[in-house]
Amino acid sequence: MSKSWNKRTQAVHGGIRRSQYSEVSEAIFLTQGFVYDNAEQAEARFIQAGDDEFIYARYGNPTVRMFEERIAALEGAEDGFATASGMAAVNGALCAMLQAGDHVVSARALFGSCLYILENILTRYGVEVTFVDGTDLEQWKAALRPDTKAVFFESMSNPTLEVIDIEAVSELAHAVGATVVVDNVFSTPVFSRAIEQGADVVIYSATKHIDGQGRALGGIILGTRDFIRGTVEPYLKHTGGALSPFNAWVMLKGLETMSLRVNAQADSALKIAEALEGHSALERLLYPGLKTHAQNALVQSQLGGKGGTVLSLDIRGGKDGAFAFLNALTIPVISNNLGDAKSIATHPATTTHQRLSDDQRTALGITPGLIRLSVGLEDSEDLIADLQAALAASQS
Ligand SMILES: Cc1ncc(COP(=O)(O)O)c(C=O)c1O
């Protein structure tokens, strides 16, 4: 496999394994187990399985392995472990490396379930977590300690799209010996250079842009071979967070078209943001790809200028305004995934971030009027017309 290929080539050919039939499209090895030629071979494989030797699908499977190797190649990581969902990846990566007494520093602006793991699960097992404003390097500096084992953040936060400086935070974290764990969902594997920029561990919910068509759950943890095989695999193979071979196949096929989809969706998101910026029905429009966005300089250096496929709209009139807007949409569907070919509108305060208190939501900028819009593959002119009509309806 050529390591010098660019991302688009890796996304099509990376990790391919062909059976004796030399099929073009990747085979689905829908099997949980593997047969050994004899008892000695079984014993030897349990002592040390080779790269192309499998034992049980909770540990690994050829279709899953193709997905792991393909995404590792395009992300520039040494290895990956695929998981049943994005949350299994976040939980697996953190639980595999942490133990009671460890300290973690995390950005505060997180997807509700990520926050739950940091705030409610890790702390239950004796891990101390300090939350900071991830955009403020002084807060990271003040929170990091010699016993800080890991830092965690979403490189672009859900749903307020704060962009975190991977290079600067990694430098601070590495100075105290902490491992940098980045949930990179909103940045997408297409625009990411997270490992090059200093991240040690990169996590994706494959449910989003990698599938990209709303079909299957999945996740991936990417990092060094030592971390993946020495730390993550022992934890996940015994606790059972493996990706199913069928879902791995869906993700493999998703990777082949991901770059075309995500680039088209990001271009459309920018057009929509430019068309709606300053609209009288909006309190705020958040899109990091806009030149007027406070962190646009970081978007230029960290993401090659692409602001991602999601924008957030704060509708005047609070929850009533937001609901009137949602109910007037005719193209985007009301749902809660993102990165899909279909545009999806979400009201975080009553769905993905409902569990938080009013004070927590206020601190994160999740106002009652906020709508997260994941831009799909529809014609951007149609989307703009539909969004403008729904904005007008929201104020009537
Ligand atoms: C930033 C972020 N991380 C993780 C996840 C979880 O992914 P999954 O739904 O595949 O478990 C999500 C899902 O919305 C997300 O937005």
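These numbers come from a predicted model, not from an experiment.

Trainee: Can you explain the domain arrangement of the protein? Please cite residues and give values.
Mentor: Domain assignment breaks the protein into domain 1 (7–254) and domain 2 (258–394). One C-alpha centre belongs to domain 1, the other to domain 2, and the line joining them spans 27 Å. On the side of domain 2, 39 residues touch domain 1, which itself brings 42 residues to the contact. Both faces considered, domain 1 and domain 2 share a buried interface measuring about 3300 Å² in area, 62% of it formed by carbon and sulfur atoms. Of all residues in domain 1, the largest losses of buried area upon contact with domain 2 belong to Pro159, Phe191 and His209, amounting jointly to 22% of the total for that side. Here domain 1 is connected to domain 2 by zero salt bridges. Elements represented by at least two residues in the side of domain 1 that touches domain 2 include exactly α5 (112–121), α7 (166–175) and α8 (188–191). Top element by residues in the side of domain 1 that touches domain 2 is α5. It accounts for five residues.

Trainee: Requested: an account of the sheet that holds strand β11 (residues 344–346), with residues and values cited.
Mentor: Taking strand neighbours across the sheet as the criterion, the five strands line up as β8-β9-β12-β11-β10 in an open arrangement whose pairing is mixed. In this open sheet, the two edge strands, each paired with only one partner strand, are β8 (282–286) and β10 (333–334). Pairing analysis gives five bridges linking strand β9 (residues 310–315) to strand β12 (residues 370–374), with the strands arranged antiparallel. Bridging from a neighbouring strand, valine 310 pairs with serine 374 of β12.

Trainee: I'd like to hear about the packing of helix α3 (residues 62–75) against helix α10 (residues 245–276), residue by residue, with values.
Mentor: Their axes nearest at 8 Å, the elements α3 and α10 cross at an angle of 30 degrees. When the axis of α3 is compared with that of α10, the two are roughly parallel. Considering how the two elements wind past one another, α3 and α10 form a crossing that is left-handed. Only Pro245, Ala248, Trp249, Met251, Leu252, Leu255, Glu256 and Met258 of α10 make contact with α3, whose side of the interface consists of Thr63, Val64, Met66, Phe67, Arg70, Ile71 and Leu74. When the residues that make up the contact of α3 with α10 are grouped by side-chain class, the tally is twelve nonpolar, one polar and two charged.

Trainee: How would you explain the side chain of glutamate 23 if you had to name every residue and give the values?
Mentor: Its location among the elements puts glutamate 23 in the loop between α1 (7–13) and α2 (39–47). Here glutamate 23 is buried and forms no salt bridge, its nearest opposite-charge partner arginine 18 lying at an N-O distance of 5.8 Å. Of the polar contacts made by the side chain of glutamate 23, one reaches the side chain of serine 19; its length is 2.7 Å.

Trainee: Any details on the nonpolar core? Residues and values, ideally.
Mentor: If you look at the biggest cluster of nonpolar residues, it comprises 81 residues, and the most contacted ones within it are Phe67, Val151, Phe153, Ile210 and Phe325. Here this core takes twelve residues from α10, the largest share from any one element. Both of domain 1 (7–254) and domain 2 (258–394) provide at least three residues apiece to this core. Leave out the neighbours within four places in its chain, and valine 151 touches Val105, Trp140, Leu144, Val169, Ala173, Ala178, Thr179, Val180 and Val181. Residues Phe81, Val90, Leu98 and Ile117 belong to the second largest nonpolar core, which totals 32 residues.

Trainee: How would you sum up the pattern of salt bridges? Please name residues and give values.
Mentor: Under the criterion given, the structure shown has 25 salt bridges. Ionic pairing is found between glutamate 53 and arginine 45, a salt bridge with its closest N-O pair at 4.0 Å. The partner of aspartate 358 in a salt bridge is arginine 361, with the nearest N and O atoms 2.7 Å apart. A residue pair is termed a helical-turn pair when its members lie 3 or 4 positions apart in one helix, as aspartate 358 and arginine 361 do in helix α13 (residues 358–364) at three residues. Residue arginine 361 is classed as buried on the basis of its relative accessible area of 12%. Overlapping salt bridges bring together Arg17, Asp51, Asp52, Arg65, Glu68, Glu69, Asp79, Arg225, Arg229 and Glu233 as one network.

Trainee: Explain the environment of glutamate 119 residue by residue, including any values.
Mentor: Tracing the sequence through the fold places glutamate 119 in helix α5. Taking relative accessible area as the criterion, glutamate 119 reaches 30% and is therefore assigned partly exposed. Glutamate 119 sits twelve residues away from phenylalanine 131 along the chain, and the two C-alpha atoms are 9.1 Å apart. Excluding its chain neighbours within four sequence positions, the residues that come into contact with glutamate 119 are Phe131, Arg355 and Gln360. Separated by 3.4 Å, the side chains of glutamate 119 and glutamine 360 make a polar contact.

Trainee: Could you give an account of the packing of α10 against helix α14 (residues 380–394), naming the residues involved and the relevant values?
Mentor: It is at 10 Å that the axes of α10 and α14 come closest, and there the two elements cross at 40 degrees. The handedness of the crossing between α10 and α14 comes out as right-handed. Contacts from Ser268, Lys271, Ile272, Ala275 and Leu276 in α10 reach Ser380, Leu383, Ile384, Leu387, Gln388 and Leu391 in α14. In terms of residue class, the contact of α10 with α14 is made up of seven nonpolar, three polar and one charged.

Trainee: Pulling in residues and values, what's your account of the state of the cysteines?
Mentor: The full count for this structure, using the stated rule, is zero disulfides. Take cysteine 95: it sits in no disulfide, and the sulfur closest to it among the cysteines is that of cysteine 114, at 12 Å. For cysteine 95, a relative accessible area of 22% gives the class partly exposed. Residue classification places cysteine 114 among the buried positions, given a relative accessible area of 1%.

Rules used throughout
- Within each chain, residue numbers correspond to sequence positions counted from 1 in written order.
- Note on the predicted model: pLDDT of at least 70 is required for a residue's local features to be given, and 80 or more for side-chain atom pairs to be given and counted; whole-chain, interface and lining totals, by contrast, use all residues.
- For the side-chain quantities, the full set of heavy atoms in the structure was used; hydrogens and water were omitted.
- By convention here, the domain bounds are inherited from an automatic or database domain assignment.
- Only heavy atoms enter the contact rule, under which two residues are in contact if any of them lie within 4.5 Å.
- Note on definitions: buried area is the accessible-area loss of two parts on being combined, 1.4 Å probe, summed for both.
- The rule for a salt bridge is simple: a side-chain nitrogen of Lys or Arg has to be within 4 Å of a carboxyl oxygen of Asp or Glu.
- We count a stretch as a helix when DSSP gives it H or I for four or more residues in a row; a strand needs E for two or more, and each element gets its number in order from the N terminus.
- Each pair of strands is called paired provided DSSP finds at least two bridges between the two strands.
- Every angle, taken between N-to-C directions, lies between 0 and 180 degrees, and every axis is a line fitted to C-alpha atoms, over only the stretch in contact when it is a helix.
- Any angle from 65 to 115 degrees is called roughly perpendicular, while one under 35 is roughly parallel, one over 145 is roughly antiparallel, and all others are oblique.
- The handedness criterion is simple: a crossing whose near helix is rotated anticlockwise from the far helix by less than a right angle is left-handed, and one whose near helix is rotated clockwise is right-handed.
- Residue type decides the class: Asp, Glu, Lys and Arg count as charged, Ala, Val, Leu, Ile, Met, Phe, Trp, Tyr, Cys and Pro as nonpolar, and the leftover types, Gly among them, as polar.
- Relative accessibility under 20% of the residue-type maximum defines a buried residue, over 50% an exposed one, and the middle range a partly exposed one, all with a 1.4 Å probe and only protein chains included.
- When charges are counted, Lys and Arg contribute as positive and Asp and Glu as negative, whereas His and the chain ends are disregarded.
- Any pair of N or O atoms that falls within 3.5 Å is considered a polar contact. Within protein, one atom must be able to donate a hydrogen and the other to accept it, and sequence-neighbouring residues count only if both atoms are side-chain atoms.
- Nonpolar cores are built from buried Ala, Val, Leu, Ile, Met, Phe, Trp, Tyr and Cys residues. Side-chain atoms within 4.5 Å join them into one set.
- For the purposes of this analysis, a disulfide is any pair of cysteine sulfur atoms at a distance within 2.5 Å.

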